[in-house]
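# Examining the three-dimensional arrangement
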Amino acid sequence: MSSTKKNPAANDAAGGIAAALTGYVADTYVLMAKTQACHWNATGPGFIGMHQLTEAQYKELFLAVDELAERLRALGEPAPRGLSAMLDLASLDELDGKVDVAGAYRTLAEDNTKVAARARELAEAAEEAEDIATHDMLVHRIEVHEKAAWLLRSHIA
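Here goes a summary of the coordinates provided. (Residues numbered from 1 in each chain as written. Predicted model: local features only at pLDDT ≥ 70, side-chain atom pairs only at ≥ 80, totals over all residues. Heavy atoms only, no water.)

### Concerning the overall build of the chain
Applied cut-off: We count a stretch as a helix when DSSP gives it H or I for four or more residues in a row; a strand needs E for two or more, and each element gets its number in order from the N terminus. The buried label applies to any residue whose accessible area, calculated with a 1.4 Å probe on protein chains only, is under 20% of its type's maximum; exposed applies above 50%, and partly exposed to all values in between. In this description, contact between two residues means that some pair of their heavy atoms is separated by no more than 4.5 Å. Note on areas: Shrake-Rupley, 1.4 Å probe, and residue coverage restricted to the protein chains presented here.
Looking only at helices and strands, the chain has five helices and zero strands in total. Listing each helix as α and each strand as β along the chain from the N terminus yields α-α-α-α-α. Sorting the 157 residues of the chain into buried and exposed places 39% on the buried side. Across the chain, the fraction of contacts at a sequence separation of at least 24, relative to all contacts at a separation of at least 6, is 81%. Within the structure as shown, the chain displays about 9000 Å² of accessible surface, and the carbon and sulfur contribution to it stands at 54%.

Written out as structure tokens, the structure reads:
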């Protein structure tokens, strides 16, 4: 018989990390969709620069969503299924109505800032739960979102 026992508190912490990560995956997915919607639909002065910046950002977010969802699976949780599940789990709202270039920059900068803050909270919880892999992924995501927010804000300063 093995002398190793499962730690119920560790299991609870891991389950909490996975649940919180599910919401973060949804936020990342919604941010990706909003970034791509701005890429396609924003109009006005500065369109070309915004179009190029948002293309780079939504492509990066697409890869990130896949990595994050795979981390969820490694933690034993299913990834969100479908758009309605993403919207139910996300703290971000969909892009609504017409958006001009300045509005796109502002909205996406605010959303990246919110997602970075959510990643920071989750990274701290993952560190406390000794989930180093999730922690490391989220530290990288914080850096990405903070840089994205800075780049977007720099166009409206």
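### Section: helix α2 (residues 47-74)
Heads up, the rule is: The span expected for a helix works out to 1.5 Å for each residue beyond the first.
In a regular helix each residue adds 1.5 Å, so 28 residues correspond to 40 Å; α2 covers 40 Å between its end C-alpha atoms and thus fits that length. When we look at burial in α2, the residues that qualify are M50, L53, T54, Q57, Y58, L61, A64, V65, L68, A69, R71 and L72. Two residues or fewer past α2, G76 is found with a positive phi of approximately 90°.

### Things to note about the nonpolar core
Across soluble globular proteins, nonpolar side chains show a tendency to be buried alongside one another. Which entries qualify depends on this criterion: Take the buried residues of types Ala, Val, Leu, Ile, Met, Phe, Trp, Tyr and Cys, join any two whose side-chain atoms come within 4.5 Å, and each joined set is a nonpolar core.
Counting residues in each nonpolar core, the largest one holds 34 residues, and the members touching the most others are L21, Y24, M50 and L138. Residues within four places of Y24 in sequence aside, it is in contact with L68, V115, R118, A119, L122, L138, R141 and H145.

### Considerations on the packing of helix α4 (residues 101-128) against helix α5 (residues 132-153)
Threshold: Axes, fitted as lines to C-alpha atoms, cover a helix only where it is in contact. Angles between the N-to-C directions of the axes lie from 0 to 180 degrees. By the definition adopted for this analysis, an angle is roughly parallel if under 35 degrees, roughly antiparallel if over 145, roughly perpendicular if from 65 to 115, and oblique otherwise. Crossing handedness follows the turn of the near helix against the far one: under a right angle anticlockwise gives a left-handed crossing, and clockwise gives a right-handed one. Residues are grouped as follows: Ala, Val, Leu, Ile, Met, Phe, Trp, Tyr, Cys and Pro are nonpolar; Asp, Glu, Lys and Arg are charged; every other residue, Gly included, is polar.
Viewed as axis vectors pointing N to C, α4 and α5 meet at an angle of 160°, and their least axial separation amounts to 8 Å. With respect to their mutual orientation, α4 and α5 come out roughly antiparallel. Between α4 and α5 the crossing geometry is left-handed. Among the residues forming the contact of α4 with α5, the class breakdown is 14 nonpolar, five polar and four charged.

### A look at the pattern of salt bridges
Inclusion rule: Criterion for a salt bridge: a side-chain nitrogen of Lys or Arg within 4 Å of a carboxyl oxygen of Asp or Glu.
Overall, the coordinates contain six salt bridges when judged by the stated rule. Two residues, K59 and E55, come together in a salt bridge whose shortest N-O distance is 3.0 Å. Pair noted here: K59 and E55 are both in helix α2, with a separation of four residues, about one helical turn. Its salt-bridge partner being R71, residue D131 comes within 2.8 Å of it at the nearest N-O pair. Here D131 is found in the loop between α4 and α5, whereas its partner R71 is found in helix α2, with 60 residues between them in sequence. Considered together, D131 and R71 belong to a single accessibility category, that of buried residues.

### Let's talk about α5
Quick reminder: α-helices carry 3.6 residues per turn. Residues three or four places apart thus point the same way. Note the cut-off: Regarding the arc, it is the one traced by the directions from the helix axis to the C-beta atoms.
With 22 residues, α5 extends 31 Å between its outermost C-alpha atoms, agreeing within 8% with the 32 Å of an ideal straight helix rising 1.5 Å per residue. Inspection of α5 places T134, H135, L138, R141, I142, H145, A148, A149 and L152 among the buried residues, and these make up the whole buried set. Taken around the axis of α5, the buried residues stretch over an arc of 145°, which confines them to a single face. Across α5 from its buried face, at more than 90 degrees, point the exposed residues E143 and K147.

### Some thoughts on the side chain of D27
Here is the rule: For the purposes of these results, a polar contact is taken to be a pair of N or O atoms within 3.5 Å, where, inside protein, one atom must be able to donate a hydrogen and its partner to accept one; residues adjacent in sequence count only when each atom of the pair is a side-chain atom.
Inspection of the secondary structure assignment puts D27 in helix α1 (residues 8-41). Judged by its relative accessible area of 1%, D27 is buried. There is a polar contact of 3.1 Å between the side chain of D27 and the backbone nitrogen of L92. Contacts of D27, omitting those with residues within four sequence positions, involve A90, S91, L92, V115 and R118.

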